[in-house]
Amino acid sequence: MVEQAFQNALQALEQLDGARREKLCLALARTVVSPEEEGEVLLFPEDRDTVGAAFTAQYPKLRIAKENCGAPGFLLRFGAVEVDCTFRSVLEELLDQEEIFSLEHLMTLCSI
């Protein structure tokens, strides 16, 4: 049952429209990066234009990496440190923390 809920939540996140996906990515980024930090962001190919422009505006010291993120969401790199903000990873983290989560809860946290 938990696995099915996880898969349903992941599928729903992956199918968000561009504006909601951008909002979710920016909300996730706010939890791990400040506007003054230098680094780079690897984006899922579908998100390079929309989410990439939003990242550039919100975080002027983050560069958009030439390489892509292999899954929906994004990766942040700060030197040798990489922060995985792919949707799968975020949901797995919630599950590992034994958080009671639902897609509605995640959307509410991100104000989507």
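Residues numbered from 1 in each chain as written. Predicted model: local features only at pLDDT ≥ 70, side-chain atom pairs only at ≥ 80, totals over all residues. Heavy atoms only, no water.

**Some words on the sheet that holds strand β3 (residues 73–78)**
So the rule is basically this: DSSP bridges decide pairing: two strands pair if at least two such bridges lie between them. Elements are defined by DSSP. Helices are runs of H or I of four residues or more, strands are runs of E of two residues or more, and each kind is numbered from the N terminus. Fitted lines through C-alpha atoms serve as axes, helices being fitted only where they are in contact, and the angles separating the N-to-C directions of these axes extend from 0 to 180 degrees.
The sheet built from four strands is open, its strands ordered β2-β1-β3-β4 with mixed pairing. On the outer flanks of this sheet lie β2 (62–64) and β4 (81–86), each paired with one strand and no other. On average, each strand axis in the sheet is tilted by 25° relative to the strand beside it, whichever way the strands run. Bridge count for strand β1 (residues 39–43) against β3 is four bridges, and the pairing is antiparallel. Within the sheet, the bridge partner assigned to E40 lies in β3 and is R77.

**Here we look at the nonpolar core**
Put simply, the rule reads: Among buried residues, those of type Ala, Val, Leu, Ile, Met, Phe, Trp, Tyr and Cys that are joined through side-chain atoms within 4.5 Å constitute a nonpolar core. Each residue is assigned to one of three classes by its accessible area relative to the maximum for its type, calculated with a 1.4 Å probe on protein chains only: buried under 20%, partly exposed between the two thresholds, exposed over 50%. Residues count as neighbours in contact if any of their non-hydrogen atoms are within 4.5 Å of one another.
Counting residues in each nonpolar core, the largest one holds 26 residues, and the members touching the most others are F55 and F74. Ranked by residue count, the leading element in this core is helix α2 (residues 18–30), at five residues. Ignoring anything within four residues of it in the chain, the contact list for F55 reads C25, L26, A29, V41, L43, P60, L62, I64 and F74.

**A closer look at the packing of aromatic side chains**
We apply this condition: Between 30 and 60 degrees the pair is tilted, below 30 it is stacked and above 60 it is edge-to-face, where a pair is any two Phe, Tyr or Trp rings, Trp via its six-membered ring, whose centres lie within 6.5 Å.
Under the definition given, this model contains two aromatic pairs. Centroid distance F55 to F74: 5.0 Å. Interplanar angle 65°. Geometry classified as edge-to-face. Linking F55 in helix α3 (residues 50–58) with F74 in strand β3, this pair joins segments that are 19 residues apart in sequence. When sorted by exposure, F55 lands in the same class as F74, which is buried. Ring pairing ties together the aromatic residues F55, Y59 and F74, which thus form one cluster.

**Looking at the side chain of R21**
Structurally, the position occupied by R21 is in helix α2. Leaving out residues up to four positions away in the same chain, R21 has contacts with L13, E14, L16, F44, E46, D47, P72 and F87.

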